[in-house]
Amino acid sequence: MTAPLTPPHQPQHDDPWQTPPAGVSPDSAAGAEKGPDMKTEVRQAAVVLVVVTVSGLLLGLLWMWLAPRVPLVSDATAVFLKDTEGEEAIAADGTFLLLALAFGVVSACLVFLFHRRGGIALVLGLALGGLLGAVLAWRFGTMLGPTSDVVAHAKQAGKGVTFDAPLELHAKGALLAWPVAAMVVHLALTALFGPRDPEPEWEWNTAYGGAPRPGDDNASWGAAEK
């Protein structure tokens, strides 16, 4: 008897550096879910930017409504703080900060629910929208609050009558609370609940020494000759 012969067209199986057969790629994965293309991602980011920015109007309205007022009083010659040790101005800044943080968390959650596979453009749209929304809320809240013309307001109120100071945001760093909170929360949600790419499924065949498939023309390795 003679040893089994390897067909001429069959590659050797003891060569670890042989070229993989055509159509087999380490990066190929069956059923891999594809994300949105660039055009769709940019369009989604633009929508998020506009919606988040416009929601700043609601933040400004809430800030004007919830922020404490700074009481002033006039003696007909000058305007003074009624309570020199009052902390209403600090409380107004703190109110804006807490509201901005809450809006950042809510906007990030909503964006994640609607666009779970959002990319860099979507995150940038969320962050920029949060910053613009915070600025819009600041301007809108001060506009809806007491007038900024303190002298005219004092004359209208009269001597010795307490009136409210204009609503102001002294800590301008609070404007960053919304975009920072939105990015942090969106990143955390994506890391915890974002979609995962499936593990690649290698298409092993006899070229890598695997078991031959049923019906494979190369399943026969040779015949013994007597």
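Since the model is a prediction, treat every value here as computed from it, not as a measurement.

Thoughts on the side chain of Asp 93
And step 1. Inspection of the secondary structure puts Asp 93 in helix H3 (residues 88–114).
And step 2. Lys 172 is the oppositely charged side chain nearest to the buried, salt-bridge-free Asp 93, at an N-O distance of 7.4 Å.
And step 3. A polar contact is formed between the side chain of Asp 93 and the backbone nitrogen of Ala 171, at a distance of 3.2 Å.
And step 4. For Asp 93, the residues in contact, after removing those within four places along its chain, are Glu 168, Leu 169, His 170 and Ala 171.

Structural notes on helix H1 (residues 38–54)
And step 1. Taking 1.5 Å of rise per residue, 17 residues should cover 24 Å, and H1 covers 24 Å from first to last C-alpha, within 8% of that figure.
And step 2. Listing the buried residues of H1 in full gives Glu 41, Ala 45, Val 48, Val 52 and Thr 53. Looking straight down H1, one finds that the buried residues subtend no more than 120° of arc, so they occupy a single side. Facing away from the buried side of H1, by more than 90 degrees, are the exposed residues Lys 39 and Val 51.
And step 3. Elements in contact with the buried residues of H1: helix H2 (56–66), H3, helix H4 (120–144) and helix H6 (177–193).

What to know about the packing of aromatic side chains
And step 1. Across all of its chains, the model carries two aromatic pairs by this definition.
And step 2. Measuring from ring centre to ring centre gives 5.1 Å for Trp 63 and Phe 96, while their planes differ by 75°; the resulting arrangement is edge-to-face. Of this pair, Trp 63 sits in helix H2 while Phe 96 is found in helix H3, placing the two residues 33 residues apart along the sequence. Residue Trp 63 shares its accessibility class with Phe 96, and that shared class is buried.
And step 3. Between Arg 139 and the ring centre of Trp 138, over which it is positioned, the NZ or CZ distance is 4.0 Å.

Digging into the confidence of the model for the chain
The predicted coordinates of low-pLDDT regions are not to be read in fine detail.
And step 1. Residues of the chain with pLDDT of at least 70 account for 67%, and the chain-wide mean is 77.
And step 2. Per-element confidence in the chain ranges from a low mean pLDDT of 72 for strand E2 (residues 79–81) to a high of 96 for H2.
And step 3. Contacts for the low-pLDDT stretch residues 24–33, under 50 throughout, to residues beyond four places or in other chains number 15 contacts.
And step 4. With pLDDT under 50 throughout, residues 218–226 is counted as low confidence; its partners more than four residues away or in other chains account for 15 contacts.

Overview of a nonpolar patch on the surface
And step 1. Together, Leu 128, Leu 131, Leu 132, Val 135, Leu 176, Val 180, Met 183 and Val 184 give the surface a local cluster of nonpolar side chains, amounting to about 610 Å² of exposed area.
And step 2. Elements with a minimum of two residues in the nonpolar patch: H4 and H6.
And step 3. The element contributing the most residues to the nonpolar patch is H4, with four residues.
And step 4. Inspection of the secondary structure puts Leu 128 in helix H4.

Looking at the packing of H1 against H4
And step 1. Taken N-terminus to C-terminus, the directions of H1 and H4 make an angle of 15°; their axes are 7 Å apart at the nearest point. Taken together, the axes of H1 and H4 are roughly parallel relative to one another. Our pair here, H1 against H4, has a crossing hand that is right-handed. On H4, the residues touching Glu 41, Gln 44, Ala 45, Val 48, Leu 49, Val 52 and Thr 53 of H1 are Ile 120, Ala 121, Leu 122, Gly 125, Leu 126, Leu 128, Gly 129, Gly 130, Leu 132, Gly 133 and Leu 136.
And step 2. Looking at the contact of H1 with H4 residue by residue, the classes come out as eleven nonpolar, six polar and one charged.

Conventions used here
Residues numbered from 1 in each chain as written. Predicted model: local features only at pLDDT ≥ 70, side-chain atom pairs only at ≥ 80, totals over all residues. Heavy atoms only, no water. Helix = DSSP H or I, 4+ residues; strand = E, 2+ residues; numbered from the N terminus. Buried < 20%, exposed > 50% of the residue type's maximum accessible area, 1.4 Å probe, protein only. Lys, Arg positive; Asp, Glu negative; His and termini not counted. Salt bridge = Lys/Arg side-chain N within 4 Å of Asp/Glu carboxyl O. Polar contact = N/O pair within 3.5 Å; in protein donor to acceptor, adjacent residues only side chain to side chain. Contact = heavy atoms within 4.5 Å. Expected span 1.5 Å × (residues − 1). Arc of directions from axis to C-beta. Phe/Tyr/Trp six-rings, centres within 6.5 Å; stacked < 30°, edge-to-face > 60°. Lys NZ or Arg CZ within 6 Å of the ring centre and 35° of its normal. pLDDT = per-residue confidence, 0-100. Patch = residues over 30% accessible without salt bridge, like charges linked within 9 Å, V, L, I, M, F, W, Y side chains within 5 Å. Areas by Shrake-Rupley, 256 points an atom, 1.4 Å probe, with all protein chains shown as cover. Axes fitted to C-alpha atoms, helices over the stretch in contact; angles between N-to-C directions. Parallel < 35°, antiparallel > 145°, perpendicular 65-115°, else oblique. Left-handed = near helix turned anticlockwise from the far one by under 90°. Nonpolar A, V, L, I, M, F, W, Y, C, P; charged D, E, K, R; others polar.

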